[in-house]
Amino acid sequence: MPSNPTPLAEAPSEPVETRHVHAALTRSSTGREDLRELESGLDSLQSDADRKHRIDWSRVLLPIAALVALVLIWQFYVSLGVKRRDLVPGPLDVAAQMGVLWNEGKLQESVWTSMQRGLVGFVISVAIATPVGLLLAQVAPLRRAFGPLISGLQVLPSVAWVPAAIIWFGLTDATVYFVIFMGAIPSIINGLISGVDQIPPQYRRVGTVLGASRLQMALQIILPAALPGYLSGLKQGWAFSWRSLMAAEIIAVGGTIGFGLGSLLDQGRQLSDMSVVMAAILLILAVGILIELLVFAPIEKRLLRSRGLLSGSTR
Amino acid sequence: MPVVLEHLGKSFGDGAPVLDDVNANIGKGEFVALLGASGCGKSTLLNIMAGLEAPSSGALEVPSDGAAFMFQDAALFPWLTARENIELALKLRNVRKAERKAKAQELLELVHLGTAGDKRPHELSGGMRQRVSLARSLAQDRQLLLMDEPFAALDAITRDLLHDELERIWKETGRTIVFVTHNVREAVRLGQRVLLLSSRPGRVVQEWAVTEEHRTDAGLAGQLTGVITARLREEIRRHAK
Ligand SMILES: Nc1ncnc2c1ncn2[C@@H]1O[C@H](COP(=O)(O)OP(=O)(O)O)[C@@H](O)[C@H]1O
Ligand SMILES: [Mg+2]
């Protein structure tokens, strides 16, 4: 590379002043109108043009394609006949079984029972966990005292509470709800606390400078600022509710406990009917996905987009 | 005198004092540029004036209703639009709802953002955000406005324009402004007086007056910049090992 050194050697001979960009020392506009024009020019150059939010079909079509591919692979595997058909039913067998369950009314009953319980349990968990979480986040001694316990409870699988709940409450709905609470409440509390922790300290300082009182600070600044963390706590809380509910329904069957998806799964096991088991698993999964897609995803997307936190993510 | 600082000192914990024997008087309607190297205690001094921190020694006199404050990063709340950010400042000042709307629009127009009021902070450029932040600090309606390197993160073109803008708004509103910067040119461009703060400990070691001629005569302004830069460098060199 013989030609390279020449321009490099020439560079220092340039006048020093022209190689640096300096802010002007004197007024750089000629009057109010000139300033307004320059500014609005810069504004339109530098800020994003309004982007339209079109429906992105790849978001809809890619997951569907993935699903279809999985079902095809499943069907292909079953048609190879490696395992007995009653041990590994194919997608068509499971679909037929769902049709049977639908006609018996069992499918509707179990989905309705479980969803209703899951949602009621979740809503009550939110109502309990939110004030507790705010209190713990704002009052340091309380948090020091109870924080580790709550984190611990979040790690403890809520199935572990099922035997205790059965002994205390018998085979009633109270057992199911108790297990849901033990699963959902700690994770919502933790989500809210970490949401408050992640608030940039600058926000509180701005609040102080603007003259916010303690209550105004909590309601107008802390709470909205913590919303993204709170929301992911809620999401996790729902997941824990749903899992705990299934665990409770599988283990605690009979008594006055109604017939939910977990009960359906357990029934399939007792009858050794693999197509019922598969149908129940798919239904449990479907409800989970549906709630995520229809409830949490739109809320989260709106929240993050309105704060400019979505750009660059692969969602 | 809206601001009087007397023998002001500040140290954190039992470390060496950050500020020591700072003395200054700032008159009503004055525009003072507080200049110093990074880490010399400029923000600390400003926080003390704003009441965000207490001095360790000495006394200070500031307006009883406190001061408006503008931060280096705009520090706008991302869940509010530009207009709502300004309205929040009015609300926390207990301005009635009907009045808030009109006042917020008026302030948006003052910073030439009359049509961008419904945008969220992330949709605005850095310069626009700082103008919203300026409008918000004006919404506080305090005589004293403290600014902590508000334009440091902006590009040169935008900064030049915001200097013009700030000068215009200062003249229109008659505020007393204490403007902190580590940039000598910015200090000369904006201040009527430039106070130089030394490092470790921070103390006002010299001050210069900037006249109207400096605003239009680049040669004169350049000369003064050179003098102040030389003094600042001397101050920094003192700490060489
Ligand atoms: N809260 C604090 N605790 C301990 N030291 C601090 C604190 N705030 C600032 N300092 C120290 O005080 C000095 C001055 O800081 P600062 O006022 O931010 O400087 P400047 O704004 O001039 O860059 C720095 O050395 C910094 O480390
Ligand atoms: Mg600083």
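Above this text you will find the structure in question.
Residues numbered from 1 in each chain as written. Chains lettered and ligands numbered in written order. Predicted model: local features only at pLDDT ≥ 70, side-chain atom pairs only at ≥ 80, totals over all residues. Heavy atoms only, no water.

1. Quick notes on the overall build of chain B
For step 1, the next point in the chain: Scanning chain B for helices and strands turns up 8 helices and 9 strands.
For step 2, the next point in the chain: With respect to the three principal axes, the spread of C-alpha positions in chain B is 55 × 45 × 30 Å.
For step 3, the next point in the chain: Across chain B, contacts joining residues at least 24 apart in sequence account for 70% of those joining residues at least 6 apart.
For step 4, the next point in the chain: About 9,800 Å² of surface is accessible on chain B, with carbon and sulfur atoms providing 48% of the total.
For step 5, the next point in the chain: One finds the centroid of the 32 positive side-chain charges in chain B at a distance of 4 Å from the centroid of its 32 negative side-chain charges. (Helix = DSSP H or I, 4+ residues; strand = E, 2+ residues; numbered from the N terminus. Contact = heavy atoms within 4.5 Å. Areas by Shrake-Rupley, 256 points an atom, 1.4 Å probe, with all protein chains shown as cover. Lys, Arg positive; Asp, Glu negative; His and termini not counted. Charge placed at Lys NZ, Arg CZ, Asp CG, Glu CD.)

2. Looking at the pairing of strand β8 (residues 193–197) of chain B
Residues and elements named next belong to chain B.
For step 1, the next point in the chain: Counting buried residues in β8 gives 5 out of 5 residues, a clear majority hidden from the surface.
For step 2, the next point in the chain: Neither face of β8 is left uncovered, since the one carrying R193, L195 and L197 and the one carrying V194 and L196 both have all their residues buried.
For step 3, the next point in the chain: Summarising the sheet, strand β3 (residues 31–36) and β8 pair through 5 bridges and their orientation is parallel. Bridging across to β8, G36 finds its partner in L197.
For step 4, the next point in the chain: Alignment of β8 against strand β9 (residues 204–209), held across 5 bridges, turns out to be antiparallel. By the bridge assignment, V194 is partnered in β9 with W208.
For step 5, the next point in the chain: Here β8 folds back onto β9, and the loop between the two strands holds 6 residues, one of which, R200, carries a positive phi near 45°. (Buried < 20%, exposed > 50% of the residue type's maximum accessible area, 1.4 Å probe, protein only. Pairing = 2+ DSSP bridges.)

3. Things to note about the side chain of S275 of chain A
For step 1, the next point in the chain: You can see S275 of chain A is positioned in helix α12 (residues 274–306).
For step 2, the next point in the chain: What makes S275 of chain A buried here is its relative accessible area of 10%.

4. With respect to unusual backbone geometry
For step 1, the next point in the chain: Following R200 of chain B, the chain continues to P201 of chain B via a peptide bond in cis, the omega torsion being -5°.
For step 2, the next point in the chain: The phi torsion at S272 of chain A lies on the positive side, around 55°, for a residue other than glycine.
For step 3, the next point in the chain: As for its position among the elements, S272 of chain A is in the loop between α11 (261–270) and α12.
For step 4, the next point in the chain: Classification of S272 of chain A by relative accessible area gives exposed; the value is 62%.
For step 5, the next point in the chain: Even without a glycine there, the phi angle at H7 of chain B is positive, about 50°.
For step 6, the next point in the chain: In this structure, H7 of chain B sits in strand β1 (residues 3–10).

5. A few points about the site of ligand 1
All names here are of chain B.
For step 1, the next point in the chain: Around ligand 1, a shell composed of F12, V18, A37, S38, G39, C40, G41, K42, S43 and T44 is seen.
For step 2, the next point in the chain: At 2.7 Å from an oxygen atom of ligand 1 is found a main-chain nitrogen or oxygen belonging to G39.
For step 3, the next point in the chain: Residue G41 places a main-chain N or O atom 3.0 Å away from an oxygen atom belonging to ligand 1.
For step 4, the next point in the chain: Of the residues belonging to the shell around ligand 1, the class tally is 4 nonpolar, 5 polar and 1 charged. (Near = heavy atom within 4 Å. Polar contact = N/O pair within 3.5 Å; in protein donor to acceptor, adjacent residues only side chain to side chain. Nonpolar A, V, L, I, M, F, W, Y, C, P; charged D, E, K, R; others polar.)

6. Quick look at the nonpolar core
For step 1, the next point in the chain: L261 of chain A together with L45, L134 and L166 of chain B are the most contacted members of the largest nonpolar core, which has 117 residues in total.
For step 2, the next point in the chain: No other element matches helix α10 (residues 214–251) of chain A, which puts 12 residues into this core.
For step 3, the next point in the chain: When residues are assigned to domains, this core turns out to be shared by domain 1 (1–67 + 144–241) and domain 2 (75–141) of chain B, each giving three or more.
For step 4, the next point in the chain: In this structure, V184, V188, V194 and I228 of chain B belong to the second largest nonpolar core, which totals 14 residues. (Core = buried A, V, L, I, M, F, W, Y, C linked by side-chain atoms within 4.5 Å. Domains from an automatic or database assignment.)

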